[in-house]
Each structure stands twice: as C-alpha cells, then as structure tokens.
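Summary of structural features
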Amino acid sequence: MSAPERFDVVIVGARCAGAATAMLLARQGHRVLVLDRAARGSDTLSTHALMRGGVLQLQRWGLLDHIAAAGTPAIRQVRFHYGDESTTVPIKPSAGVDALYAPRRTLLDRVLVDAAVAAGAQVRFGVNVTGLDRDPEGRVVGVVGRDRRGRPVRAHGRLTVGADGKRSMVAREAGAATQWTGTGSAAAVYGYWAGLDVAGYEWLYRPGAAAGLIPTNDGKVCVFAGTTTARFGDEIAGDLAAGYLRLLKEVVGDVIPGLQAGQPPSRLRAFPGLPGYVRRPSGLGWALVGDAGQYLDPLGAHGITDALRDAELLARAAGALLAGADETAALREYEANRDRMTGPMFAVLDEIAGYRWTLPAVRQLLLAHSNAMGDEVDALAALPVSSC
C-alpha cells in the first residue's frame, strides 16, 4: 500500500458542515484536506432556511454578502398559521442580524467550499472514502478510498472528521455511540414553485400535517408539505405528485390564496422521515460534525444552522488540540458545548415531529424552540471572531 498523504486534519464531506470546518481550520493556518464523493456544485436534500444563528455565522465569517449578492432574498418576517389563525413575527435586528436567508444548497455549499480553498484547504470531489486507517493501538489516523478513476486514495491527519451525513461512514467505522434517540418521524415532500408572491417564511400547521413556503434563489419558493412517516408511506409515496398536492391543499387551504396562481414544480424531492438522534461526536483521532453527529427533525428548519454552529465549535476544539492541548479534554469540550445548545431543541423538535400535538400545543412547542434558538444566538455572538 502506498504511503499516505499527510495533513493536520482530514475531513470526509464537503457540504456546509465539512466545508465550514475546513475553512475555519485553514484560516487558523492548519493543513486541511476535504474529500467528497459528489460532484462539485451538486444539489442535496435541504430545509434551505437559515435561522438567526446560521445567518450570524455567515456574517461573522465574512460570507453573508456573497449569499445576498447571489440574489438570495432577505427574509424580514415570519408568519405562523395555526389552522385559520395567523401570527406575523418581524425579524428585528439583533446580534448584528437584521434578516434571514434561505440559499439553495448549490449556492451555499459552493460559497463555503470556495472560502475553504481561498483559506488554503485542499478540496477534492469525486473521491469515495470507504474506510478508516488506524494505528497499531487502534487510534484513527486517516482514511482510505478511491477517486473517480478507481485509483486508491489514502490520507492521514492528526484528526479525521466525519461530515458525511446521516449514514456517516466515519461514525459507523469509528463506533460512535448514539446518545439520544427520538421517537417522532416526520416525512416531507418539496419542490420549487414559480410565480408566488411570498414576503417571508410561511409556516403552516394543521392536526397531523404541516407545510412551509421558503423564498429562495432565482425567484423561486421552496414549498414543502409534511406529515408522519406512516402516513407518507400509506397515502403519498405511491403517487408523489398527487399526494403532495393533496397534502398542500389540506394544510394551506385558503390561507394563502396566491398558491393557486403559482406554477407547481416539475420535479419533487421526498424524505420519508427518520427519528432524531445525537451521536457521541468524538473519540481517539476522530470527530463528527453536521448530520454525521446529530440529526434534529427538519420541521424546525435548523439543520443548516446546526451545521454552521458545530463547525465553529469543532474548529475551535481541533485548533486547540493541534496547538498542543489535551486531545480528550478539547474534544469533550466540543461535545459539551454542542450538547448544551442541542439539548433543549432536541426534545421539542421530537415532539413536533411526532404530529401528536394540538394547535395550541404546537404553538407552545414552537415558542420553546424559539427561546432555545435565542440562547444559541447569544452563545455564538459571545465567541471571539479572531480565533477562527
């Protein structure tokens, strides 16, 4: 076997979590390699919407202007519809953020990858990472795989990071234990509509179902409809287009009349649902970030924000251990910080994902989620920018 290439950190996955982690570590001066099996600029399943914490991160890193300049609409209000009742919440300036954004992943991931490369990271696409390398004592020291031509790839680093999604190979091969498991499982179907006049995020709830309208790039609005995994399998999966429109009509009704005038999507994306989980995010020589480390139900529209938040938490811990700090202590601090912010949201979103709520109950659950997000923003805003 050929000798491995050597780096300070090897990251598996170049989506928003992996690319952001690479950018931050490269900005600290570390040698970083990122490997991803997908093609550069490819799309992926996504909730699109950034919450305030995610916008704050992009602003802190000097990337928000790129997102706005690409035509991503600024979201200045959020409307919640509980049956036929509606509440509008303006986005008030706070922590330096005066609007929310929902960029397409073909834009957001590219901006983060470009920033990582500009900082000095190497990013290679079309590489299928198939396993972990270990030293004789069992410590993870790197990865093995093959590029798109079938040539072997082997890279070692002081730390190997799994940013490779829900089915993370790094988590599986490292033996990352699952710490928390949810019971709710929500399915969603979405597509991009044209010709909709939507001023901000629109979240709609009815017993047993939900929907959302999310303005994104190119004048399109991402419109999703959601219900339980069981109902999705019974009523929607067999005829996705018809089931999607039926569910939208059930949830939206006449609350947003303009939906009838819009141009429905020609292609739909579907996610059958998955109970939430939180995995132990680190061990000897390895760490997890993004969906590799935790998954909270997408009804909270917090997945991208989670990824950007945890990228910074991990980059700080990794930077400390590369500078000589005790590895176990540094990574345990990463875990503690992540869990402190995730914990309050996990239980709430698991309840929402179960669709067992009444409309008054879901109002209270969303209020609890909002309070947890406020605490998260305060914690992120308090971090010094200079260290990353």
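This text gives an overview of the structure that appears in the document.

What counts, and at which threshold
- Residues take numbers from 1 onward in each chain, read along the sequence in its written order.
- Confidence filtering applies because this is a predicted model: local features only for residues at pLDDT of at least 70, side-chain atom pairs given and counted only at 80 or more, and all residues used for totals across whole chains, interfaces and linings.
- As a rule here, side-chain values cover all heavy atoms of the structure and leave hydrogens and water aside.
- Only DSSP runs of H or I with at least four residues qualify as helices, and only runs of E with at least two residues qualify as strands; both kinds are numbered from the N terminus onward.
- Note on exposure labels: buried denotes an accessible area under 20% of the residue type's maximum, exposed denotes more than 50%, and partly exposed covers the range between, all computed with a 1.4 Å probe on protein chains only.
- The contact definition used throughout considers only heavy atoms, calling two residues in contact when any of these lie within 4.5 Å.
- Note on areas: these come from Shrake-Rupley sampling with a 1.4 Å probe, and a residue is covered only by the protein chains present in the view.
- Charge counting treats Lys and Arg as positive and Asp and Glu as negative, with His and both chain ends excluded.
- By convention, the point assigned to a charge is CZ for Arg, NZ for Lys, CD for Glu and CG for Asp.
- Identification of polar contacts relies on pairs of N or O atoms within 3.5 Å, with a donor-acceptor requirement for protein atoms, meaning one able to donate a hydrogen and the other able to accept it, and with residues adjacent in sequence counted only if both atoms are side-chain atoms.
- Here, expected helix span is obtained from the residue count minus one, scaled by 1.5 Å.
- Any carboxyl oxygen of Asp or Glu that lies within 4 Å of a side-chain nitrogen of Lys or Arg is treated as forming a salt bridge with it.
- The disulfide definition used here is simple: a pair of cysteine sulfur atoms within 2.5 Å.
- Axis definition: a line fitted to C-alpha atoms, limited for helices to the stretch in contact. Angles are taken between N-to-C directions and run from 0 to 180 degrees.
- Throughout this description, any angle smaller than 35 degrees is read as roughly parallel, any larger than 145 degrees as roughly antiparallel, any in the 65 to 115 degree range as roughly perpendicular, and the remainder as oblique.
- When the near helix sits turned anticlockwise from the far one by under a right angle, the crossing is termed left-handed; a clockwise turn instead gives a right-handed crossing.
- Note on pairing: two strands pair once DSSP finds at least 2 bridges between them.

With that out of the way, let us pick up the overall build of the protein chain. Along the backbone of the protein chain there are 10 helices and 18 strands. If you line up the protein chain on its principal axes, its C-alpha atoms span 65 × 45 × 35 Å. Per-residue burial for the protein chain yields a buried fraction of 56% across its 388 residues. Looking at the protein chain alone, contacts between residues at least 24 apart form 74% of all its contacts between residues at least 6 apart. Carbon together with sulfur atoms contributes 51% to the accessible area of the protein chain, which is approximately 15800 Å² in total. Counting 42 positive and 39 negative side-chain charges, the protein chain places the centres of these two groups 5 Å from one another.

Moving on to the side chain of Ser-185. In this fold, Ser-185 is placed in the loop between strand S9 (178-181) and strand S10 (186-193). The exposure class assigned to Ser-185 is buried, which follows from its relative accessible area of 16%. Polar side-chain contacts of Ser-185 include one of 2.6 Å to the side chain of Thr-229. Only 3.1 Å separates the side chain of Ser-185 from the backbone nitrogen of Leu-274, close enough to count as a polar contact. Look past the residues within four positions of Ser-185 in its chain and what remains in contact with it is Thr-227, Thr-228, Thr-229, Pro-272, Gly-273, Leu-274, Pro-275 and Ala-353.

Looking now at unusual backbone geometry. Phi is positive for Ala-301, close to 50°, though the residue is something other than glycine. Unlike most non-glycine residues, Tyr-355 shows phi in positive territory, near 55°. When you line up the elements, Tyr-355 lands in the loop between helix H9 (327-353) and helix H10 (359-381).

With that settled, the discussion passes to helix H1 (residues 16-27). Compared with the 16 Å implied by 1.5 Å per residue over 12 residues, the 16 Å span of H1 between its first and last C-alpha is a close match. Along H1, the residues classified as buried are Cys-16, Ala-17, Gly-18, Ala-19, Ala-20, Thr-21, Ala-22, Met-23, Leu-24, Leu-25 and Ala-26. Following H1 by one or two positions, Gly-29 has its phi on the positive side, about 100°.

Let us now look at the pattern of salt bridges. According to the stated counting rule, one finds 23 salt bridges in the structure shown. The closest approach of N and O atoms between Arg-124 and Glu-5, which form a salt bridge, is 2.7 Å. With Arg-124 in strand S5 (residues 122-125) and Glu-5 in strand S1 (residues 5-12), this residue pair connects regions lying 119 residues apart in the sequence. Under the relative-accessibility criterion, Arg-124 is labelled partly exposed at 25%. A salt bridge links Glu-376 to Arg-309, with the nearest nitrogen and oxygen atoms 2.8 Å apart.

This brings us to the state of the cysteines. Following the criterion strictly, the structure yields 0 disulfides and no others. Sulfur of Cys-16: no disulfide; nearest cysteine sulfur belongs to Cys-222 and is 15 Å away. For Cys-16, a relative accessible area of 5% puts it in the buried group.

This brings us to the packing of H9 against H10. Relative placement of two packed helices is described by the angle separating their axes and the distance separating the axes. Packing of H9 against H10 leaves a shortest axis separation of 9 Å and a crossing angle of 160°. Here H10 runs roughly antiparallel to H9, going by the angle between their axes. Two packed elements cross with a definite hand, and for H9 against H10 that hand is left-handed. On H10, the residues that touch Met-341, Pro-344, Met-345, Val-348, Leu-349, Glu-351 and Ile-352 of H9 are Leu-365, Leu-366, Ala-368, His-369, Ala-372, Met-373, Glu-376 and Ala-379.

For the rest of this paragraph, the subject is the pairing of strand S8 (residues 152-162). The element S8 is largely enclosed, with a buried count of 8 among its 11 residues. Relative to S8, S1 runs parallel, the two sharing 7 bridges. Within S8, the residue paired with Ile-11 across the bridge is Val-161. In terms of strand pairing, strand S7 (residues 140-146) meets S8 through 5 bridges, oriented antiparallel. Among the inter-strand pairings, Gly-145 is bridged to a residue of S8, identified as Val-153. The turn joining S7 and S8, which pair antiparallel and follow one another in sequence, is formed by 5 residues; a positive phi near 85° is taken by Gly-150. Bridge count for S8 against strand S17 (residues 286-288) is 3 bridges, and the pairing is parallel.

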